[in-house]
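Examination of the molecular architecture
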Amino acid sequence: MDTFSLTDIKKKNLSDIYHYIYKNPGCSKQTIAYALAVSLPTVSQHLATLMNEKLIEKSGQLTSSVGRRAMAYQIIPTARIAIGIEILSRNIYVTALNLYGKKEAKEKFELNFEPNQIYFDKLQKTVKNFLKKYKYEENQILGIGLGMQGLTSPDGSQMTYGKVLDCTGLSIQMFADYFSVPCKFIHDAECASNSELWENPEIKDAIYLSLGQHLGRALIINGEFQNGLTGKSGTFEHMTLIPDGMECYCGKQGCAECYCSGNYLLEPEMELDEFFAKKEQGDSACQKKWENYLSYLSMLINNLHMVIESTVILGGNITPYFTEQDVLKIKQNVLERSTFKDDTSYIIQGKCRNDAVSIGAALPFIKEFLKEIAVKI
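Calculation notes
- Residues numbered from 1 in each chain as written.
- Predicted model: local features only at pLDDT ≥ 70, side-chain atom pairs only at ≥ 80, totals over all residues.
- Heavy atoms only, no water.
- Pairing = 2+ DSSP bridges.
- Helix = DSSP H or I, 4+ residues; strand = E, 2+ residues; numbered from the N terminus.
- Axes fitted to C-alpha atoms, helices over the stretch in contact; angles between N-to-C directions.
- Contact = heavy atoms within 4.5 Å.
- Salt bridge = Lys/Arg side-chain N within 4 Å of Asp/Glu carboxyl O.
- Buried < 20%, exposed > 50% of the residue type's maximum accessible area, 1.4 Å probe, protein only.
- Polar contact = N/O pair within 3.5 Å; in protein donor to acceptor, adjacent residues only side chain to side chain.
- Core = buried A, V, L, I, M, F, W, Y, C linked by side-chain atoms within 4.5 Å.
- Parallel < 35°, antiparallel > 145°, perpendicular 65-115°, else oblique.
- Left-handed = near helix turned anticlockwise from the far one by under 90°.
- Nonpolar A, V, L, I, M, F, W, Y, C, P; charged D, E, K, R; others polar.
- 1 Å grid on protein atoms, 1.4 Å probe; cavity = no way out; pocket = protein on both sides within 12 Å on 5 of 7 lines; lining within 4 Å.
- Points joined across faces, edges and corners; volume = space filled by probe spheres on them.

To continue, consider the sheet that holds strand E10 (residues 183-187). Here we have five strands laid out as an open sheet, ordered E6-E5-E4-E7-E10, and mixed in their pairing. With one partner strand each, in any of the chains shown, strand E6 (103-110) and E10 form the two edges of the open sheet. In this sheet, neighbouring strand axes are inclined to one another by 20 degrees on average, regardless of whether the strands run parallel or antiparallel. Where strand E4 (residues 81-87) meets strand E7 (residues 141-148), six bridges bridge the pair, whose relative direction is parallel. From the neighbouring strand, Gly84 faces E7, where its bridge partner is Gly145. Of the strands in this sheet, E4, strand E5 (91-97), E6, E7 and E10 are in contact with helix H4 (residues 117-133), which crosses E6 at around 145 degrees. Strands E7 and E10 of the sheet are contacted by helix H6 (residues 188-199), whose axis makes an angle of about 90 degrees with E10.

Listed below in structure tokens is the structure:
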């Protein structure tokens, strides 16, 4: 039987009160006491603590036709800020999120990636200038997440497989040593799926496919990422889709990456906008490639669904170009391949279309703060 000390009870009450205000901005002391079944003196004590920590503030008085009007409270969304960075080969995106996971600031910087200290010297200066510009104090920052194209160690301290950026073995300390806040690497597809789960908290089990220049993925069970012992679980991009097919950047042939990523669609130096503009203008080569792409993607979706029967979320930079007919075509192709002729409503488009990686790189720090708030005060 679990036993709880007086300190444990106080911490739980403080956490419960903060979370109630978080979910019900503009609530009164009396409302909090009634909803949580705690005494008014207890609520008053914890409200004072949260006010002293500058985590909540008064937000006016509630209207009342009789008696004294009750004071309303709300959290201060910018009391803590989390920073997410999307690292790409030629540039970076830096995003600041408040405690509701909403963007407070975002900027793009040109910075050619190199797996060395010179690059991270430039990166840290860029981030510190960003913090200075928006007047964020370092003690206000919960953490800094770096969304990377590659597999990371479970604790985010090292790149364990980084063929795209040639950064295998890279240590987060090359960046973290410049800061007094937690910093970690996060796989870019996991970042994007973080963003999706934040917007779709009702989804507990899912396969997330990030359809961008490269194919990314995340396997989510009971709301948690399943990365495996060394971070390789769910690397669907390197499943063989076409035996002895095109060569993948991993050195093998026929990987799903070769057929379900943007690189399959694009000629050298071509951007997605250009490809889809040509397709819409009737370019037969682009139209044929797109048909093949949808077919290969449908094949991958069906294979995955045969292994894990759960929601499949289509995210990434390509999905905004999907028409209603494209999504119907994918579902039709999957249905034709399915042994069991399942209802294909399990295939859904992601809600996060912009900045999903930089947002998702920051969100873990916000989640941890909300979970551990009583410990951190």
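Here the narrative resumes.
The next point concerns the pairing of strand E3 (residues 71-75). If a strand is regular, its side chains alternate between the two faces of the sheet. As paired strands, strand E1 (residues 27-28) and E3 are joined by two bridges and run antiparallel to one another. Opposite Cys27, over in E3, you have Tyr73 as the bridge partner. Alignment of strand E2 (residues 56-61) against E3, held across four bridges, turns out to be antiparallel. Note that in E3 the partner of Ile56 across the bridge is Ile75.

On to the pattern of salt bridges, then. Counted under the stated rule, the structure contains seven salt bridges. Residue Lys12 is joined to Asp16 by a salt bridge in which the shortest nitrogen-to-oxygen separation is 2.7 Å. Taken together, the residues Lys12 and Asp16, both in helix H1 (residues 6-23) and four residues apart, mark about one turn of the helix. For Asp16, a relative accessible area of 27% gives the class partly exposed. The closest approach of N and O atoms between Asp355 and Lys103, which form a salt bridge, is 2.6 Å. Taken together, the positions of Asp355 in the loop between strand E15 (347-349) and helix H12 (356-371) and Lys103 in strand E6 put the pair 252 residues apart, joining distant regions of the chain. We classify Asp355 as buried; its relative accessible area is 14%. Each member of the salt-bridge network shares a partner with another, and the members are Lys103, Lys106 and Asp355.

Locating Glu138 in the fold gives a position in the loop between H4 and E7. As a C-alpha pair, Glu138 and Ile81 span 57 residues in sequence and 9.4 Å in three-dimensional space. Aside from chain neighbours lying at most four places away, what touches Glu138 is Phe179, Ser180 and Val181. Within polar-contact distance, the side chain of Glu138 engages the backbone nitrogen of Ser180 at 2.7 Å.

The biggest cluster of nonpolar side chains holds 40 residues, and the ones touching the most others in it are Leu209, Ile301 and Phe322. Where this core is concerned, the elements lending two or more residues are strand E11 (206-211), strand E12 (215-221), helix H7 (256-260), helix H8 (262-265), helix H9 (272-280), helix H10 (284-307), strand E14 (311-315) and helix H11 (324-337). Ranked by the residues each element gives to this core, the list is headed by H10, at ten residues. Discounting residues that sit within four places of it in the chain, Phe322 has contacts with Leu211, Trp290, Leu294, Leu297, Leu314, Val327, Ile330 and Gln349. In terms of nonpolar packing, the next biggest core, distinct from the first, is built from 33 residues, Ala96, Ala105, Leu170 and Phe179 among them.

One way to put it is that H10 packs onto H11 with a least axis distance of 8 Å and a crossing angle of 50 degrees. Judged by the angle between their axes, H10 and H11 are oblique. Seen from above, H10 lies across H11 with right-handed handedness. Side by side, H10 and H11 meet where Trp290, Leu294, Ser295, Leu297, Ser298, Met299, Ile301 and Asn302 of the first sit next to Asp326, Lys329, Ile330, Asn333, Val334 and Arg337 of the second. Classifying every residue of the contact of H10 with H11 by side-chain character gives seven nonpolar, four polar and three charged.

Empty space among the atoms can be located by rolling a probe the size of a water molecule over them. According to the stated counting rule, one finds one cavity of 30 Å³ or more in the structure shown. Counted as a void, the largest cavity has a volume near 30 Å³. The dominant element in the lining of the largest cavity, judged by the number of residues it contributes, is E12, at three residues. Residue composition of the lining of the largest cavity, by class: three nonpolar, four polar and two charged.

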